[in-house]
Structures are given as C-alpha cells and as structure tokens.
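# Examination of the molecular architecture
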Amino acid sequence: MKIDYKNHSLIKAKLTKEAGIFSAILVIFGLLSAIALPSVSLGGFSAYLVTLLSPAIFLLALLLLIKKPLAHRSCLLPLALFAMVCVSALVSWISGFSSANKRDIIEAIKYLQFFPYLLMVTFLEPNSLKLFHRIIVASSILVALVGLTQASGFYDATLYVYLDANSAHIDSLVSGSRITLTGSDPNIGGVIACFFGIYFFSLYAAYKKYRYMFVFFLFFYLCFLSQSRTALIALIFGMGAYYLLFFKGFFILKSATLAFAFSLVIFLVFYLDLSYIYIGIQTALEGNNNSLNIRFENTFLAIERFMKSPIFGVGPAKSALDTTIDSEYALIIQRYGLIGGLIFSTYIVYLLRLSVRNLRSHWGISLFIFTLMSSLVMITNNIFSGYQLMSLVVLLNIACVLSERKQESLKQENVF
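The structure reproduced in this document is the subject of the present report. (Residues numbered from 1 in each chain as written. Predicted model: local features only at pLDDT ≥ 70, side-chain atom pairs only at ≥ 80, totals over all residues. Heavy atoms only, no water.)

The biggest cluster of nonpolar side chains holds 115 residues, and the ones touching the most others in it are Tyr 117, Phe 132, Tyr 347, Met 373, Phe 384 and Ile 398. For Tyr 347, the contacting residues outside a window of four places in its chain are Leu 77, Leu 81, Phe 384, Met 390, Val 393, Val 394 and Asn 397. (Core = buried A, V, L, I, M, F, W, Y, C linked by side-chain atoms within 4.5 Å. Buried < 20%, exposed > 50% of the residue type's maximum accessible area, 1.4 Å probe, protein only. Contact = heavy atoms within 4.5 Å.)

What follows is about the packing of helix H10 (residues 186–207) against helix H12 (residues 229–245). Running from N to C, H10 and H12 point in directions that differ by 20°, and their axes come no closer than 10 Å. One finds that H10 runs roughly parallel with respect to H12. For the crossing formed where H10 meets H12, the hand is right-handed. Listed contacts from H12 to Gly 190, Val 191, Cys 194, Ile 198, Phe 201 and Ala 205 of H10 are Ala 231, Leu 235, Met 239 and Tyr 242. For the contact of H10 with H12, a count of residues per class yields nine nonpolar, one polar and no charged. (Axes fitted to C-alpha atoms, helices over the stretch in contact; angles between N-to-C directions. Helix = DSSP H or I, 4+ residues; strand = E, 2+ residues; numbered from the N terminus. Parallel < 35°, antiparallel > 145°, perpendicular 65-115°, else oblique. Left-handed = near helix turned anticlockwise from the far one by under 90°. Nonpolar A, V, L, I, M, F, W, Y, C, P; charged D, E, K, R; others polar.)

All right, on to the packing of aromatic side chains then. Enumeration over the complete set of coordinates arrives at 20 aromatic pairs. With a centroid separation of 5.1 Å and 70° between ring planes, the pair formed by Phe 195 and Phe 196 is classed as edge-to-face. Residue class for Phe 196 comes out buried when judged on its relative accessible area of 0%. Considering the side-chain rings of Phe 344 and Phe 384, the 5.6 Å spacing of their centres and the 65° angle between planes classify their relative orientation as edge-to-face. Residue Phe 344 is found in helix H16 (residues 328–357), and its partner Phe 384 is found in the loop between helix H17 (362–377) and helix H18 (390–415); the two are separated by 40 residues along the sequence. Exposure remark for Phe 384: the relative accessible area of 2% places this residue in the buried category. Positioned above the aromatic ring of Tyr 212 is the side chain of Arg 211, whose terminal nitrogen or guanidinium carbon lies 4.9 Å from the ring centre. (Phe/Tyr/Trp six-rings, centres within 6.5 Å; stacked < 30°, edge-to-face > 60°. Lys NZ or Arg CZ within 6 Å of the ring centre and 35° of its normal.)

Set out below in structure tokens:
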C-alpha cells in the first residue's frame, strides 16, 4: 500500500491551522467575555466565563506544550501576582493579622486565571490578530447597543442581566443619571467604554480612516453618560500623552488641539447636564465630596496597616478587614506591601515598554493609552484587582506580543 505523503502533509497542515484558529477564538472569546457577557451563577457562586474557561485553556496549553515546550515571559507576571497573594496571606495568618480562610486564596486565583491565556501566546499565530479584531468589533457592537438602550431609557432588557438584583447602582441607572453599560457599576462601565474608544482611536491613528473616529466619539459619549470622573480624566490623560509624544504633527498645533478638546469636554459636561461630574469636582475642591473623602480615609488606613507589615503587607485579610478599598494603590500597599508594589510596578513598566515597541501598529497604540489610563484609574478604582478589567490588559498584552512577532517575521522576509 502506497502512502500519499503529500496529501498527508496537507491534511496535517489543515488540522494545525484549524487548531490554531480554535485556540485564538477560545482565548479572545474568554478574555472579552468578562466585559461583554454577564456573570454565570453556579449553585450560589457567581463567576465570569473568563474564569470558567481558564482550566480548559490550561489543559489545551499543556497538550501543545508537549510538542513545543516553550512559554512567553509574559505568563510569569500572573504567576508572580499569584505567588504574591499566597505569600502575603500566609504571612498574615502566621502573624495574626487575620485567620486562614478560602476567600484569601480566591483572591490569588483571580490573578492565576490569566496564566493559561498568556501561556497560549506561544501557540497563537500572528495572523490570528484578524480574529482578535473581528471579535473586538463584535463585542463593541454589543456593548454599544447595551449602552445606548440604557441611555434611551430602555434599560429593562439589560437591567438584571449585567447588574445583580441587590446592586446599589440600579437606582442611578433607572433614574437615568448614570449608565453602567456591561460593567458591574458605572465606573467599570466607563472604563469599558474607554477601552473600545481607545481601540477605534488607535485604528484611526494607524490607518487614518474617519469612520473609526466616528465610533470613537460614540464610546466617548457613552463614557460621558456613565459619569465616571476618573475614567474620563484618565482617558484624556492617556490620549493626550500619546497625541503629544507620538502623533505626527507640529507640537504647537497639537497643543492647541488638546486645549480645544479639553474645552469641548468641559462644554459637553454642562451641555449634557452631567451634574454628577461637575458637582463632584466642585465639592471635591470644597473638601465636601463624600466619595473622595472616603477614599482618602481608606488610603490613610491602608498606610497605617502597611506600616505594620511593610514588606509583605497584611494580606487580603478578608476575615478581619473591610474588602472595599476603592484605590488600587492603597489596596496594593495594604495587602501586599513593598513586594506587591514592586511586582505591580514591574508589570506596568513591562506593558509600557511592550506598547512603545509596537507603536507602529494599532495594538501598541491601544496598549500604551490604556496602560497610562489604567495608572490613573487605579488611584480611585481597581483595574487588576477587579473581576472584569484585567482581562483587557491581558488581551492587549497578547495582541502586542503577536504584533511584535509579525513585525519580526516581516523583517526577516525582507532580508531574504
């Protein structure tokens, strides 16, 4: 019997390609499910699909590692965060800051769940970025529709889909004062809107097609309606930094454009009667902003607890301390001390360096702006320690690694 090796090779190549497509879809769907789809309830336990799919992706990665035992260095970052939580929790239990409990370990799993996604980077082809783009666009349509229905007052269809029945943010959504989009609160919804706005702005910056700017302004408008002050300021900061440092044009002209854009933002705040924003800023200047004062109080408490255990922090300590710490910087120094500060700083620097190396692509632009934006959002909210937004960081991380690999392969082709 004669074996057709040529046909066998073609079949093998086809199966490999299909496996690569399936892997890319699984990774991108898993990560975007955290912001596009609601959480799933399983016997009283609520989780997002990004968490539920993580074990399956890990098993797939193990199978692929047998043939190609290689991992990208970025997968070490969630492992470092996982180890950080475990060590800080153990120190906390031994030192008597809190008693041993499973909720502290769940906090560690919150970071570990992204390890399989980053482990898959080695096995994804650069061409899968097209799939990334398509699924992001599809997710943006879903999020935009949810946001627009909420803004139009037709919130019944999504009221209890993305918000828990006991959520404190239902009243603000029903009253029309603040929309939440697909986030669990208006601030997370504002960051989600900013993510898609940044993505479409980066497409415009890379390809100069005005339709992308139209979509950017749509999500910018939705961010306004969430009335997330931090997200709005952080978005302006991230985009302004990119525009001044890297966007082509004369510096004076770019500065004038930014000044005009800032003036336009102030005008829209008053024109759209977004009282939560300007009243919040006014009361903050007067020292009477309750939300801001609580954050200051939590920060002072975090510093006091940090002084008790400056190296490892007091751990999550969920059995002894309040779990609501609005500032992620305060959360880091309280729970994980100097070790946590070092690991998170390393992560942010890594993301910025990765983005700068890829600024020729829209993926690098997106990661640069979103990382800068996140560094400001972390002052009053959570990016890495929440249940939805770290998925976006991991997504752009993976995309930039694939984009970098694609650029390197193109350079090699040009050499030969």
